[in-house]
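If you want the building blocks of each chain, they are given just below.
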Amino acid sequence: MPSPHSAVSETSPPTHGSAPPTTPTAQEAAAPTGPARPPRPTAPKSARPGTPRKRSRFRVPRGVRRASGPLGLVLVWFLASATGVLPESVLASPVDVVQRAADLIGTGELPQAIAASGRRAATGFLIGATVALALSLTAGLFRLGEDVIDASMGMFRAIPWVGLIPLFIVWFGIDETPKIALVALGVTYPLYFNIYGGIRSADSQLIEAGRMAGLGRIGLIRYVILPSALPGALVGLRYALSTAWLALVFAEQVNADAGIGYLMSNAQQYFQTDVIVLCLAVYAVLGLLCDFAVRLLSRRLLAWRASFDGEGA
């Protein structure tokens, strides 16, 4: 039998300071009661998007990775020559090439040949770059210039410029002029088409924004059009420099009395494969140095431009 005290405690109101009894609301009462859903599996922090990946501590410098390709080819060349797979009558070994380079440097023949070829390449490049810049600006900035120049440049570009050597000899003789003219012609086309394409690829919205900002024709060209054409112009510059050395290889085969091509032509008559390989290596190194200079120039001139620089290490 329950005591009166327990009955009073069950029906008596709550005392001061105790929590009021909680009654379920209408939404909670209407909510279905069922088994609780298991929590969703959360991805580890390393796999969540947006979290930076941990980089490995050991990284091979990019310069070493760039040099690994040429050094690997030289190593394969050396092993093929040392084992007899590549006979010396077909191609001299790297040791012989280095030894012949030391001999030609000691006699002064190789530095003189590099200086003569460098003068031809520089003169032809300056002439070709000046012509290409004038033509590309005229055709890119003015519709009349495009109608007059662009079609003609496309037509002349289809003509192999190496095949013009006999005609240049007829026009200019056999001295330095045809050699420089051939280099200038080889430089003109890549520079022209890259600068022209860069000018015509300028964003029309940026040009309209410049006009609304009060820029005139000169201001648009200086602050909008030419900066937009600069990446294409630098690509054309790299291509033009490599073409200049390629054109010089053919030009110096025509009655040259000095230069790298002159050494190579004499070596061909006496079957000196080490001298031929040395001259080709000099051409390649000079072209690589020019390309490296343009890459440094591109980093400085295009520092304002955000571009994709590759992924990974």
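Per chain, residue numbering runs from 1 following the sequence as it is written. For this predicted model, a pLDDT threshold of at least 70 governs which residues receive local features, and a threshold of 80 or more governs which side-chain atom pairs are given and counted, while totals over whole chains, interfaces and linings are taken from all residues. Based on all heavy atoms of the structure, the side-chain values leave hydrogens and waters out of the count.

1. Concerning the overall build of the protein chain
Looking only at helices and strands, one finds twelve helices and zero strands in the protein chain. Helix and strand definitions follow DSSP, with helices as H or I runs of at least four residues and strands as E runs of at least two, each counted in order from the N terminus. N-terminal to C-terminal, the α/β element order of the protein chain is α-α-α-α-α-α-α-α-α-α-α-α. Each residue gets one of three labels from its accessible area relative to the maximum for its type: buried under 20%, exposed over 50%, partly exposed in between, using a 1.4 Å probe on protein chains only. By residue count, 30% of the 313 residues in the protein chain fall in the buried class. Accessible area of the protein chain: about 21800 Å², with a carbon and sulfur share of 64%. Methods summary: accessible areas were calculated by the Shrake-Rupley approach with a probe of 1.4 Å, and residue burial reflects only the protein chains presented.

2. Observations concerning the side chain of Arg 120
Checked against the element boundaries, Arg 120 lands in helix α5 (residues 109-141). Among the residues examined, Arg 120 registers a relative accessible area of 4% and is labelled buried. Whether two residues touch is decided by their heavy atoms; if any such pair falls within 4.5 Å, the residues are in contact. Contacts of Arg 120, omitting those with residues within four sequence positions, involve Glu 176, Lys 179, Ile 180, Val 183, Leu 248, Glu 252, Asp 257, Ala 258 and Gly 259.

3. Notes on the environment of Ser 89
Here Ser 89 is to be found in the loop between α3 (62-82) and α4 (94-107). When its relative accessible area of 66% is taken as the criterion, Ser 89 is described as exposed.

4. What about the packing of α4 against α5?
Interaxial distance between α4 and α5 falls to 4 Å at its minimum, and their mutual angle equals 80°. When the axes of α4 and α5 are compared, the pair comes out roughly perpendicular. Mapping the contact onto sequence places Ala 101, Leu 104, Ile 105 and Thr 107 in α4 and Glu 109, Leu 110 and Pro 111 in α5. Its residues assigned to classes, the contact of α4 with α5 comprises five nonpolar, one polar and one charged. Axes, fitted as lines to C-alpha atoms, cover a helix only where it is in contact. Angles between the N-to-C directions of the axes lie from 0 to 180 degrees. In this scheme, roughly parallel covers angles under 35 degrees and roughly antiparallel covers those over 145, while 65 to 115 is roughly perpendicular and the rest are oblique. For this scheme, ten residues count as nonpolar: Ala, Val, Leu, Ile, Met, Phe, Trp, Tyr, Cys and Pro. Four count as charged, namely Asp, Glu, Lys and Arg, and the remainder, Gly too, count as polar.

5. Remarks on the packing of helix α6 (residues 143-157) against helix α8 (residues 176-200)
Two elements in contact, α6 and α8, have axes whose closest approach is 11 Å; the angle formed by their N-to-C orientations is 140°. The handedness of the crossing between α6 and α8 is left-handed. Each of Arg 143, Glu 146, Ile 149, Asp 150, Met 153, Gly 154, Phe 156 and Arg 157 in α6 lies in contact with α8, whose residues at this interface are Thr 188, Tyr 189, Tyr 192, Phe 193, Tyr 196 and Arg 200. Residues belonging to the contact of α6 with α8 are distributed by class as follows: seven nonpolar, two polar and five charged. Helix crossings fall into two classes, left-handed where the near helix is turned counterclockwise from the far one by less than a right angle and right-handed where it is turned clockwise.

6. Focus on the confidence of the model for the protein chain
Chain-level pLDDT for the protein chain is 78 on average; 79% of the residues reach the 70-or-more range. Known as pLDDT, the predictor's confidence for each residue is given on a scale from 0 to 100. Mean pLDDT values for the elements of the protein chain range from 43 in helix α1 (residues 4-11) up to 91 in α5. Counting interchain partners and residues more than four positions distant, the pLDDT-below-50 stretch residues 1-32 has zero contacts.

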